Amino acid sequence: MEQTESTRQKKVARLVQKEIADILLKKGNELAPGKLISVTRVRVSPDLSFAKVYLSIFPTLNQDAIFTSVQEHTAKIRFELGHKVRSQLRIVPDIAFYIDDSLDYIDKIDKLLKS
């Protein structure tokens, strides 16, 4: 059963999404030279202690290697997130990154429709 997110969860998710997107924009060249990493959505647990961060990597070539690089930098990214949100949040949520493959799915459907 899918429970709806509280207003607080949504606010924290938006804040985390904005700040991680900013961190990835600044660190993007270090993590993935020549690639664009976007944070497509963030889901925060009801107790606000955990955030699932969905990423889209463009172009998708070598996506797995870049995703692995981002995962290896999770602690560093969370540390920077902590600095950015310390005045707004009491606890900095643990973060886990996931690939958002909805763009690939859209692309696949697009190709099928054109064929």
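These notes cover the structure that comes with them.

What counts, and where the lines are drawn
Residues numbered from 1 in each chain as written. Predicted model: local features only at pLDDT ≥ 70, side-chain atom pairs only at ≥ 80, totals over all residues. Heavy atoms only, no water. Helix = DSSP H or I, 4+ residues; strand = E, 2+ residues; numbered from the N terminus. Buried < 20%, exposed > 50% of the residue type's maximum accessible area, 1.4 Å probe, protein only. Contact = heavy atoms within 4.5 Å. Areas by Shrake-Rupley, 256 points an atom, 1.4 Å probe, with all protein chains shown as cover. Lys, Arg positive; Asp, Glu negative; His and termini not counted. Charge placed at Lys NZ, Arg CZ, Asp CG, Glu CD. Core = buried A, V, L, I, M, F, W, Y, C linked by side-chain atoms within 4.5 Å. Expected span 1.5 Å × (residues − 1). Patch = residues over 30% accessible without salt bridge, like charges linked within 9 Å, V, L, I, M, F, W, Y side chains within 5 Å. Salt bridge = Lys/Arg side-chain N within 4 Å of Asp/Glu carboxyl O. Pairing = 2+ DSSP bridges. Axes fitted to C-alpha atoms, helices over the stretch in contact; angles between N-to-C directions.

What follows is about the overall build of the protein chain. Per the secondary structure count, the protein chain includes 4 helices and 3 strands. Beginning at the N terminus, the succession of helices and strands in the protein chain can be written as α-β-β-α-α-β-α. Within the protein chain, buried positions represent 38% of all 115 residues. Put simply, of all contacts in the protein chain between residues at least 6 apart along the chain, 63% involve residues at least 24 apart. As displayed, the protein chain offers around 7700 Å² of accessible surface, 55% of which is attributable to carbon and sulfur atoms. Distance between charge centroids for the protein chain: 6 Å, based on 19 positive and 15 negative side chains.

Below, the discussion takes up the nonpolar core. Membership of the largest hydrophobic core comes to 28 residues, with the highest contact counts inside it found for Ile-20, Leu-55, Ile-77 and Phe-97. Looking at this core, the elements with two or more residues in it are helix H1 (7-31), strand S1 (36-44), strand S2 (50-58), helix H2 (63-72), helix H3 (74-85) and strand S3 (94-99). The element that contributes the greatest number of residues to this core is H1, accounting for 8 residues. Apart from the residues within four sequence positions on either side, Ile-77 is in contact with Ile-20, Ile-23, Leu-24, Leu-31, Val-70, Ile-95 and Phe-97.

Moving on, we get to helix H4 (residues 102-114). Along its 13 residues, H4 runs 18 Å from first to last C-alpha, staying within 8% of the 18 Å computed at 1.5 Å per residue. Little of H4 is tucked away: 0 of the 13 residues are buried.

The next point concerns the environment of Pro-59. Inspection of the secondary structure puts Pro-59 in the loop between S2 and H2. Pro-59 sits in the partly exposed class, given a relative accessible area of 38%. Considering only alpha carbons, one finds Pro-59 and Leu-36, 23 residues apart in sequence, at a separation of 7.2 Å. If sequence neighbours within four positions are ignored, Pro-59 has contacts with Gly-34 and Lys-35.

Together, Leu-103, Tyr-105, Ile-106, Ile-109 and Leu-113 make up an exposed nonpolar region whose accessible area comes to about 550 Å². Structurally, Tyr-105 can be placed in helix H4. Residue Tyr-105 is classed as exposed on the basis of its relative accessible area, which comes to 55%.

So, about the sheet that holds S2. Spatially, 3 strands are ordered S1-S2-S3 in an open sheet, and the strand pairing comes out mixed. The open sheet has two edge strands, S1 and S3, and neither has a second partner. Put simply, the sheet's adjacent strands are angled 30° from each other on average, direction ignored. Along the sheet face, H1 touches S1, S2 and S3 and points at about 160° away from the line of S1. Those strands touched by H2 are S1, S2 and S3, and its axis lies near 180° from that of S3.

On to a positive patch on the surface, then. A cluster of like positive charges, contributed by Arg-8, Lys-10, Lys-11, Arg-14 and Arg-90, occupies part of the molecular surface. Among the structural elements, Arg-14 can be located in helix H1. With a relative accessible area of 53%, Arg-14 lands in the exposed category.

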